[in-house]
Amino acid sequence: MKSTTLLERIRRLFASEAGEHLDSINDALLKGRLKEPVRPMSDQELARAILEFRSAPVSDGTLAKLSRRLAEAPGPRDG
């Protein structure tokens, strides 16, 4: 998945409210400090990670926590 695709998914989760959190995600993706998930994430999993990120002020620490959440994305489940 391209960074632009991930950012579009994240933008949909922010609805009409952009703000500093979305700007920090965009900047981090462009500068390579934030990478797309290593495994595909459902919209629900991504929404949980973004909700957690948005619940705290933007900082290097909260961005690092989001990055860890994306890196630890669960793999596809056997059904």
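Keep in mind the model is a prediction, meaning the values are calculated, not measured. (Residues numbered from 1 in each chain as written. Predicted model: local features only at pLDDT ≥ 70, side-chain atom pairs only at ≥ 80, totals over all residues. Heavy atoms only, no water.)

Description of the nonpolar core
I10, I25, L34, L46, I50, L66 and L70 are the most contacted members of the largest nonpolar core, which has 17 residues in total. Every element with two or more residues in this core is listed here: helix 1 (3-14), helix 2 (19-31), helix 3 (43-54) and helix 4 (60-71). Not counting residues within four places of it along the chain, the set of residues in contact with L46 comprises L6, R9, I10, L13, M41 and L70. (Core = buried A, V, L, I, M, F, W, Y, C linked by side-chain atoms within 4.5 Å. Buried < 20%, exposed > 50% of the residue type's maximum accessible area, 1.4 Å probe, protein only. Helix = DSSP H or I, 4+ residues; strand = E, 2+ residues; numbered from the N terminus. Contact = heavy atoms within 4.5 Å.)

Description of the pattern of salt bridges
Applying the stated rule across the entire model yields 7 salt bridges. Measuring nitrogen to oxygen at the nearest pair gives 3.2 Å for the salt bridge that ties R11 to E8. With R11 and E8 both in helix 1 and 3 residues apart, this pair spans about one turn of that helix. By relative accessible area, R11 is classed as partly exposed at 34%. Measuring nitrogen to oxygen at the nearest pair gives 2.7 Å for the salt bridge that ties D43 to R9. Note that D43 is positioned in helix 3 and R9 in helix 1, a separation of 34 residues in sequence. Residue class for R9 comes out buried when judged on its relative accessible area of 12%. Within this structure, D27, K31, R33 and D60 form a network of salt bridges that share partners. (Salt bridge = Lys/Arg side-chain N within 4 Å of Asp/Glu carboxyl O.)

Concerning the packing of helix 1 against helix 2
Relative orientation and spacing of two packed helices are given, respectively, by the angle between their axes and the distance between those axes. Two numbers describe how helix 1 lies on helix 2: the axes approach to 11 Å, and their chain directions differ by 175°. Viewed along their axes, helix 1 and helix 2 adopt a mutual orientation that is roughly antiparallel. Residues S3, L6, L7, I10, R11 and F14 of helix 1 touch helix 2, and the partners they reach there are H21, L22, I25, N26 and L29. Looking at side-chain class alone, the contact of helix 1 with helix 2 contains 7 nonpolar, 3 polar and 1 charged residues. (Axes fitted to C-alpha atoms, helices over the stretch in contact; angles between N-to-C directions. Parallel < 35°, antiparallel > 145°, perpendicular 65-115°, else oblique. Nonpolar A, V, L, I, M, F, W, Y, C, P; charged D, E, K, R; others polar.)

Description of helix 2
In this model, helix 2 (13 residues) spans 18 Å end to end at C-alpha, consistent with the 18 Å of a helix rising 1.5 Å per residue. Within the span of helix 2, buried status applies to H21, L22, S24, I25, A28 and L29. All buried residues of helix 2 lie within an arc of 160° about the axis, which places them on one face of the element. Exposed residues pointing more than 90 degrees away from the buried face of helix 2 are listed as E20, D23, L30 and K31. Phi for G32, located one or two positions after helix 2, is positive at around 80°. (Expected span 1.5 Å × (residues − 1). Arc of directions from axis to C-beta.)

Side note on the confidence of the model for the protein chain
Taken as a whole, the protein chain shows an average pLDDT of 82; of its residues, 85% reach a score of 70 or greater. For the protein chain, helix 1 is the element with the lowest average pLDDT, namely 80, and helix 4 is the one with the highest, namely 90. (pLDDT = per-residue confidence, 0-100.)

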